[in-house]
Amino acid sequence: MLTQLKDYLVSKGTARDKEIPYYGKWLADCYTACNAQNSTILSPQKKQFFLKQMAKDHEDWQVKPADAALRLYEYFLTSHEKKQSSVSAPSPAEWETLEKNTREALRLRHRSYSTEKTYILWLRTFRGFVSEKTPAVLTGRDIRNFLSSLAVEKKVSPSTQNQALNALVFLFRHVLDRDLGDLRNAVRARYRRRLPVVLTVREIESIFDSMSGTNLLWAFPSKSLSVDPHSHVVRRHFLHPMNIQKSFRLAVGKAGITKPASVHTLRHGFATHLLENGYDIRTIQELLGHANLQTTMIYTHVATKNILGVKSPLDL
């Protein structure tokens, strides 16, 4: 099975080439330490035992990839079992009832309509993943396998994986009223290191000049009436974000900017230009709402001016 895992990782591109030989070694060491066959799924307790023993002789940066290898191997074995298992007929009526109950639970807790749409979309995606099961027999392991599939098969970002997790946690806790168990063994999605696209101040000014005749940035009510999805009352809602995005893309073209810019690019520009003007990184972190300072530090790689803005007190 370990040999098959190597071919699997290469085909999926989940692990880096230089990591794959170490994955095999760590897995072999783990199954030897646990005195288990490498075709069986280890319990969380056995995996934690191995990782704790490994941490005594290895650095943290070595233990974390070993943990990732164990997560990947569990998903690999589970996927192999799923292919061999018999598939029973799904129950559409039960899933439709579950979707209805989820909507009611979301509205009872006054969640926004966008959250409702997102959670229902993840529920339907999850339904497709566990199509051979009925809601009555779903477990936390199904969630772990689904989250792992998002990381391995779909290669989603960590934020997307967390969004799916939140939707399914809500489903189990507030709709199914069921214990989730331990979800820590799911394969974690990886961040893709990409620098943000940043517009110069002059480019931003030219975009707004190009949008000056659209009135979209300032006229927030929609031009047409629509049906409220909750109350089914016909009323005038706010302008849809897609309209602003469309107008922004047209303005970018009129301004002659070839960068792949969107409205979100203005956020990147806001952070970068604050850095270039000497504002401290902690203030920018608060303004952007980043939980982790390392996320804000990405902007230091694209700032072109003195980002520190340091002045000696003696100069004052």
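A. Layout of the nonpolar core. Leu-9, Phe-126, Ile-143 and Phe-146 are the most contacted members of the largest nonpolar core, which has 56 residues in total. Only α1 (2-12), α2 (20-33), α3 (44-57), α4 (60-84), α5 (92-108), α6 (113-129), α7 (140-154) and α8 (158-175) provide two or more residues apiece to this core. Ranked by the residues each element gives to this core, the list is headed by α4, at nine residues. Ignoring any residue separated from it by four or fewer positions in sequence, one finds Phe-146 in contact with Trp-122, Thr-125, Phe-126, Phe-129, Ala-164 and Leu-168. By size, the runner-up hydrophobic cluster in this structure holds nine residues, among which are Leu-199, Ile-204, Met-211 and Val-252.

B. Broad picture of α2. Its 14 residues give α2 an end-to-end C-alpha distance of 20 Å, which sits within 8% of 20 Å, the value for a rise of 1.5 Å per residue. Taken as a whole, α2 has its buried residues at Ile-20, Tyr-23, Trp-26, Leu-27, Cys-30 and Tyr-31. For α2, the angular spread of the buried residues around the axis is 125°, confining them to a single face. Summarising the geometry of α2, the exposed residues directed more than 90 degrees from the buried face are Pro-21 and Thr-32.

C. Region of interest: the packing of aromatic side chains. Counted by the stated rule, this structure contains eight aromatic pairs. An aromatic cluster is built from Trp-122, Phe-126, Phe-129 and Phe-146, whose rings are joined through pairwise contacts.

D. Summary view of unusual backbone geometry. Positive phi, close to 60°, is recorded for His-110, a residue that is not glycine. Note on His-110: relative accessible area 71%, which makes it exposed. Although it is not a glycine, Asp-177 sits at a positive phi angle of roughly 50°. On the secondary structure map, Asp-177 appears in the loop between α8 and α9 (201-210).

E. Layout of α6. End to end, α6 covers 24 Å across 17 residues, agreeing with the expected 24 Å (1.5 Å per residue, within 8%). By the burial criterion, the buried members of α6 are Glu-116, Tyr-119, Ile-120, Trp-122, Leu-123, Phe-126 and Phe-129.

F. Here's a closer look at the pattern of salt bridges. Evaluation of the coordinates by the stated rule reveals eleven salt bridges. For Glu-74, the salt bridge goes to Lys-47, with nearest N and O atoms at 2.3 Å. Highlighted residues: Glu-74 in helix α4 and Lys-47 in helix α3, separated in sequence by 27 residues. As far as the burial class goes, Glu-74 and Lys-47 line up, both buried. Through salt bridges with shared partners, a single ionic network connects Glu-99, Arg-103, Arg-107, Glu-116 and Arg-124.

G. Spotlight on the side chain of Asn-185. Considering the arrangement of structural elements, one finds Asn-185 in the loop between α8 and α9. Every residue in contact with Asn-185, bar those within four places of it in the chain, is listed here: Pro-44, Lys-47, Arg-71, Glu-74 and Arg-144.

H. Structural context of the environment of Trp-122. Relative to the helices and strands, Trp-122 resides in helix α6. On a C-alpha basis, the gap between Trp-122 and Ala-164 in space is 6.0 Å, while along the polypeptide they are 42 residues apart. Among all residues touching Trp-122, those that are not within four sequence positions of it are Phe-146, Leu-150, Thr-160, Gln-163, Ala-164 and Ala-167.

I. Representation of the environment of Lys-25 within the structure. Within the secondary structure, Lys-25 is located in helix α2. Take Lys-25: its relative accessible area is 48%, and that puts it in the partly exposed class. Note: C-alpha distance between Lys-25 and Arg-267 (242 residues apart in sequence) is 44 Å.

J. The environment of Arg-184, seen in detail. Turning to its location among the elements, Arg-184 is positioned in the loop between α8 and α9. Classification of Arg-184 by relative accessible area gives exposed; the value is 56%. Along the primary structure Arg-184 and Arg-202 are separated by 18 residues, whereas in three dimensions their C-alpha atoms are 47 Å apart.

K. Spatial organisation of the packing of α5 against α6. Remark: α5 packs on α6, axes separated minimally by 10 Å, with the N-to-C direction vectors making an angle of 155°. Considering the angle they form, α5 stands roughly antiparallel to α6. Between α5 and α6 lies a crossing of right-handed hand. For the pair α5 and α6, the contacting residues are Pro-92, Trp-95, Leu-98, Glu-99, Thr-102, Arg-103, Leu-106 and Arg-107 in the first and Glu-116, Tyr-119, Ile-120, Leu-123, Arg-124, Phe-126 and Arg-127 in the second. Looking at the contact of α5 with α6 residue by residue, the classes come out as eight nonpolar, one polar and six charged.

L. Seen up close, the side chain of Asp-142. With respect to the element layout, Asp-142 can be found in helix α7. On the accessibility criterion, Asp-142 (6% relative accessible area) is buried. Of note is the side chain of Asp-142, whose polar atom sits 2.6 Å from the side chain of Lys-133. Discounting residues that sit within four places of it in the chain, Asp-142 has contacts with Phe-126, Phe-129, Val-130, Lys-133 and Val-137.

Each value, and the rule that gives it
Residues numbered from 1 in each chain as written. Predicted model: local features only at pLDDT ≥ 70, side-chain atom pairs only at ≥ 80, totals over all residues. Heavy atoms only, no water. Core = buried A, V, L, I, M, F, W, Y, C linked by side-chain atoms within 4.5 Å. Buried < 20%, exposed > 50% of the residue type's maximum accessible area, 1.4 Å probe, protein only. Helix = DSSP H or I, 4+ residues; strand = E, 2+ residues; numbered from the N terminus. Contact = heavy atoms within 4.5 Å. Expected span 1.5 Å × (residues − 1). Arc of directions from axis to C-beta. Phe/Tyr/Trp six-rings, centres within 6.5 Å; stacked < 30°, edge-to-face > 60°. Salt bridge = Lys/Arg side-chain N within 4 Å of Asp/Glu carboxyl O. Axes fitted to C-alpha atoms, helices over the stretch in contact; angles between N-to-C directions. Parallel < 35°, antiparallel > 145°, perpendicular 65-115°, else oblique. Left-handed = near helix turned anticlockwise from the far one by under 90°. Nonpolar A, V, L, I, M, F, W, Y, C, P; charged D, E, K, R; others polar. Polar contact = N/O pair within 3.5 Å; in protein donor to acceptor, adjacent residues only side chain to side chain.

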